[in-house]
Amino acid sequence: MKLFYAPGTCALAPHIVLEWVGEPYELEKVQLGSPEYLKINPLGQVPAMIDGTSGVMNQADAILKYLAHKYPDAKLGDDGTLQDAYELDRALAFFTGDVHPAFYPFFKPGRYSIDESESTLNSVKQASYKLIDKVFTYLNAHLDGLNYMVGNRRTIADPYAFAMIRWGNNLPKPLSEYPNIYRFYQQMRENEGIKRAMEQQGLKQ
Ligand SMILES: N[C@@H](CCC(=O)N[C@@H](CS)C(=O)NCC(=O)O)C(=O)O
């Protein structure tokens, strides 16, 4: 099992899951957009993963579900009920389809406009920030009274949440203004598997 990652990206989520599972795996740090990496994942994105003869797997949510299925004893998937399976899929879809895309224009505004003037790029970032605030406000309400994303137990949705909440550390509004998100993040930050994954990626915060 080999995980391709770049530090601090959404690849942190499957990296944490691999730490939680505790089986041997390899890590390969890649240069996003490099010709070498495009040969591995033509989308140029991380995470990507290879498991034996699987070929190159990509898409964070699919990789997370693959790991949950491959390692049922780690109990990081749904609990076997229809409702829980829905709740878990909903959480993964929220991060993949709402939170990740909300952040991307903030990180790479030049991709979202053919006018690259500073004022246009700032405008793209501000529009992105409005979306981030919207999804964080929703997430903050969801986490009210909860320590985990789904079913009040640890699942693959929690590292995904952690990786994206981490991106919120350098926003105009501090994370502490979303108190439930802030509490969730601080609590996850104490987890040994998360500490190991962050250390391996060279991440401080
Ligand atoms: N749909 C993909 C998106 C992955 C993605 O965009 N990852 C970012 C890092 S968080 C990336 O590799 N960006 C490089 C790029 O877009 O060129 C997934 O969910 O895995």
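Quick summary incoming for the structure in this document. (Residues numbered from 1 in each chain as written. Predicted model: local features only at pLDDT ≥ 70, side-chain atom pairs only at ≥ 80, totals over all residues. Heavy atoms only, no water.)

## What to know about the site of the ligand
Here is step 1 of the chain: Taken together, 13 residues sit near the ligand, with Val 46, Gln 59, Ala 60, Tyr 104 and Arg 111 positioned nearest.
Here is step 2 of the chain: Measuring from an oxygen atom of the ligand, one finds a backbone N or O atom of Val 46 at 2.9 Å.
Here is step 3 of the chain: In the model, an oxygen atom of the ligand is placed 2.6 Å from a nitrogen or oxygen of the Arg 111 side chain.
Here is step 4 of the chain: Coverage of the ligand by the protein amounts to 88% of the 500 Å² it exposes when considered alone.
Here is step 5 of the chain: Broken down by class, the residue content of the shell around the ligand amounts to 7 nonpolar, 5 polar and 1 charged. (Near = heavy atom within 4 Å. Polar contact = N/O pair within 3.5 Å; in protein donor to acceptor, adjacent residues only side chain to side chain. Areas by Shrake-Rupley, 256 points an atom, 1.4 Å probe, with all protein chains shown as cover. Nonpolar A, V, L, I, M, F, W, Y, C, P; charged D, E, K, R; others polar.)

## Considering the packing of helix α3 (residues 60-70) against helix α4 (residues 82-107)
Here is step 1 of the chain: Here α3 crosses α4 at 150 degrees, and the two axes come no closer than 9 Å. With respect to α4, the axis of α3 lies roughly antiparallel. Within the contact between the two elements, α3 uses Asp 61, Leu 64 and Lys 65 and α4 uses Asp 89, Leu 92 and Thr 96.
Here is step 2 of the chain: Its residues assigned to classes, the contact of α3 with α4 comprises 2 nonpolar, 1 polar and 3 charged. (Axes fitted to C-alpha atoms, helices over the stretch in contact; angles between N-to-C directions. Helix = DSSP H or I, 4+ residues; strand = E, 2+ residues; numbered from the N terminus. Parallel < 35°, antiparallel > 145°, perpendicular 65-115°, else oblique. Contact = heavy atoms within 4.5 Å.)

## Quick word on the nonpolar core
Here is step 1 of the chain: Of all hydrophobic cores here, the largest spans 56 residues; its most connected members are Phe 95, Phe 136, Met 149 and Tyr 160.
Here is step 2 of the chain: Counting residues per element, the ones that place at least two in this core are α1 (12-21), α3, α4, α5 (118-142), α6 (157-167), α7 (179-189) and α8 (192-201).
Here is step 3 of the chain: Considering each element in turn, this core owes the most residues, 9 residues, to α4.
Here is step 4 of the chain: Counting contributing residues, this core receives three or more from each of domain 1 (2-74) and domain 2 (82-191).
Here is step 5 of the chain: Membership of the second largest hydrophobic core comes to 8 residues, among which are Ala 6, Ala 11, Tyr 37 and Val 46. (Core = buried A, V, L, I, M, F, W, Y, C linked by side-chain atoms within 4.5 Å. Buried < 20%, exposed > 50% of the residue type's maximum accessible area, 1.4 Å probe, protein only. Domains from an automatic or database assignment.)

## A look at the sheet that holds strand β3 (residues 48-50)
Here is step 1 of the chain: The 4 strands lie next to each other as β2-β1-β3-β4, forming an open sheet whose pairing is mixed. The outermost strands of the open sheet, each flanked by one partner alone, are β2 (26-29) and β4 (56-58). Within the sheet, the average angular offset between the axes of one strand and its neighbour, ignoring direction, is 25 degrees.
Here is step 2 of the chain: As judged from the 4 bridges shared by strand β1 (residues 2-5) and β2, these two strands associate in the parallel manner. Within β2, the position partnered with Tyr 5 by the bridge is Lys 29. (Pairing = 2+ DSSP bridges.)

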